[in-house]
Amino acid sequence: MAPSLLERTVLTRPFLISLYLAIGGFLYGFDSGITTPVLVQPNFVKYFHHPSSAVTGAVVSVYQAGGFFGGLLSGLVGNRLGRRKTVLLGCVLGVIGAGFMAGSAHLGMLLVGRAFEGGCVATITSASPIFSAEISKKAERARTNGLTQFFVAMGFFTAFWTGYGFKFVENAGSWRICFALTAIPAIILGAGVMFIPESPRWLCLKGREEEAEMSLRWYRHKDDPDAVTAEFIEIRDSVRADLIYMKNGTSWYTILTTKSLLRRLFLGTFVWTATIISGLSFVQYYQPFIYRALKFNADTQLLVTGLYGCLSPICVLIALTFVEKVGRVPLLAITSYGYCTAFAVIAALSASYPPTAEHVNVVAQRFSVACVFSVSVFHSLFSGPVSWVYPPEVFTVQMRAKAHGVAQASGYLFSTLLTEVSPIALEHIGWKYYVIFAVVNFLCALVFTFFYPETKGKSLEEINQIFGDDARDELGVMHPPTPERVKELNSHDLEKYGDEDSKENGDDVGSVESGRRDVA
């Protein structure tokens, strides 16, 4: 029976597998979001002896520090272990971290648990977007990778209301159970990830081309077999050529001294850096402190924070309907301009109508809350889904795991700094802190507008041509045959075609194997 339109366009295997991998996004959202309500729960505050702003900042920032090292770890082992095992490694770290946090007898245990959790989330969210990108068709890649953002939003949403509900538990279980729950998505993801076929591009990178073709055909089981054959040849030839052309591998020296690779590294890394320094993480983690500065009481702080979390899932669902059509760059730029406006308005209102214990300008207070909510809307509707799509796209197959790990690590590094200083800055310089974010976002918008190439509608191999370093062109390797030509080839001929094609173009098979050995 022929596949339905829904099966061919939406419910494809890459989409469904990406849906499963996006559980890592839920873990990221829940793990990050649960901290916000827990920090102001009366039992948590009492158990840890009314932690100061510096201690509160440490509880949040040590999670980011763990994320920094988790990103580096993912980059280090990603090409060695493969996409599946790297995700599994992150899940193991998550279960360990949840145990430490839930069983915390003192602040030290809590900090260790938060560090493990940060490492877990960074490892998973470094590997799973790469996995999704490498198994998806070019026409669905933004949608499949964008699922991660939807699950992130659902994680934050669940965390906010979980924290709010457990506020009414009058013992240490109010925060211990919240932390223990972070183990559930890690267990669910870890239990099934090894049953998913590995990325065909990673298998080609490791010289396992027969397995790669089988994997690709599994992911394209509803597609025309000849079209799948043509796609496989494109992937295989691109990986082979890249291994020959970059015969010394993609060491950091090679990346930093090769103009096109350095440009790729900047473009992918800056997406995450810009997301963090935009003030988004500051808003996500320290909303109660913002609302406290606006003179909301403790209950209202948590309630408004929960309402904030309701917006994001709705906005992401809307975004998934157009993210593939609009393009990556416009959405990134629009978000930065939106952030700039929101923080500028908050700064102006806070400076003009400073709330005091005696008097609060209700109109200014409500406008400020609306601007805080608009940060969630801009991120979820525009840049959020794109931030999981663009970085894996712009890296070559050899550098993808390493560079995406560094991109994640850079985001966590800046997030560590922001989460450490934000409560102190908000306490000491007040509204001027929002001005800094307004200026930074305006500069980010200019970078996205004038320096970022569009990748919409291109396969991962075609994106190489944007940067002028497609190894197939450099070595004169013939690009994949058309589906009409593939019809003339059976499976034996296909293997022969690949070997003869390599010989005709002067490719040294020994160089391919040498390149594979050098892949770190």
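As a further point, take the pattern of salt bridges. Tallying each qualifying case throughout the model produces 16 salt bridges. For R84, the salt bridge goes to E198, with nearest N and O atoms at 3.6 Å. One end of the pair, R84, is in helix α7 (residues 83–102); the other, E198, is in the loop between α11 (183–192) and α12 (200–205), and 114 residues separate them in sequence. The partner of E393 in a salt bridge is R141, and the shortest N-O contact between them spans 2.8 Å. Here the residue E393 occupies a position in helix α22 (residues 390–394), and R141 occupies one in helix α9 (residues 141–166), the gap between them amounting to 252 residues.

So, about the packing of α7 against α11. Two numbers describe a pair of packed helices, the interaxial angle and the distance between the axes. Orientation of α7 relative to α11, taken along the N-to-C sense of each, is 150 degrees, at an axis distance of 8 Å. The angle between α7 and α11 places the two elements in the roughly antiparallel class. Both α7 and α11 take part in a crossing whose hand is left-handed. Here V87, L88, C91, V95 and A98 of α7 lie close against α11, whose contacting residues are A183, A186, I187, L189 and G190. Looking at the contact of α7 with α11 residue by residue, the class counts come to 9 nonpolar, 1 polar and no charged.

A word on helix α8 (residues 107–135). Here α8 is 29 residues long and its end C-alpha atoms lie 42 Å apart, about the 42 Å a rise of 1.5 Å per residue gives. Along α8, 22 of the 29 residues are buried, which leaves the element largely enclosed by surrounding structure.

Parameters at a glance
Every chain begins its residue count from 1, and numbering advances along the sequence as written. Selection of residues for local features in this predicted model requires a pLDDT of at least 70, selection of side-chain atom pairs for listing and counting requires 80 or more, and totals for whole chains, interfaces and linings are taken over all residues. Derived side-chain values reflect all non-hydrogen atoms in the structure, with water molecules and hydrogen atoms excluded from consideration. We define a salt bridge as a contact between a side-chain nitrogen of Lys or Arg and a carboxyl oxygen of Asp or Glu at a distance within 4 Å. Numbered from the N terminus, helices here are DSSP runs of H or I no shorter than four residues, and strands are runs of E no shorter than two. Helix axes use the C-alpha atoms of the stretch in contact, all axes being lines fitted to C-alpha atoms, and the angles between their N-to-C directions lie in the range 0 to 180 degrees. Angles below 35 degrees are treated as roughly parallel, those above 145 as roughly antiparallel, those between 65 and 115 as roughly perpendicular, and all remaining angles as oblique. Two helices crossing with the near one rotated counterclockwise from the far one by less than a right angle form a left-handed crossing, whereas a clockwise rotation gives a right-handed crossing. Two residues qualify as a contact provided that any one of their heavy atoms is within 4.5 Å of a heavy atom in the partner residue. The classification used treats Ala, Val, Leu, Ile, Met, Phe, Trp, Tyr, Cys and Pro as nonpolar, Asp, Glu, Lys and Arg as charged, and all other residues, Gly among them, as polar. To estimate the expected span of a helix, count its residues, drop one, and scale the result by 1.5 Å. Burial classification: accessible surface area is computed with a 1.4 Å probe over protein chains only, and a residue below 20% of its type maximum counts as buried, one above 50% as exposed, and the rest as partly exposed.

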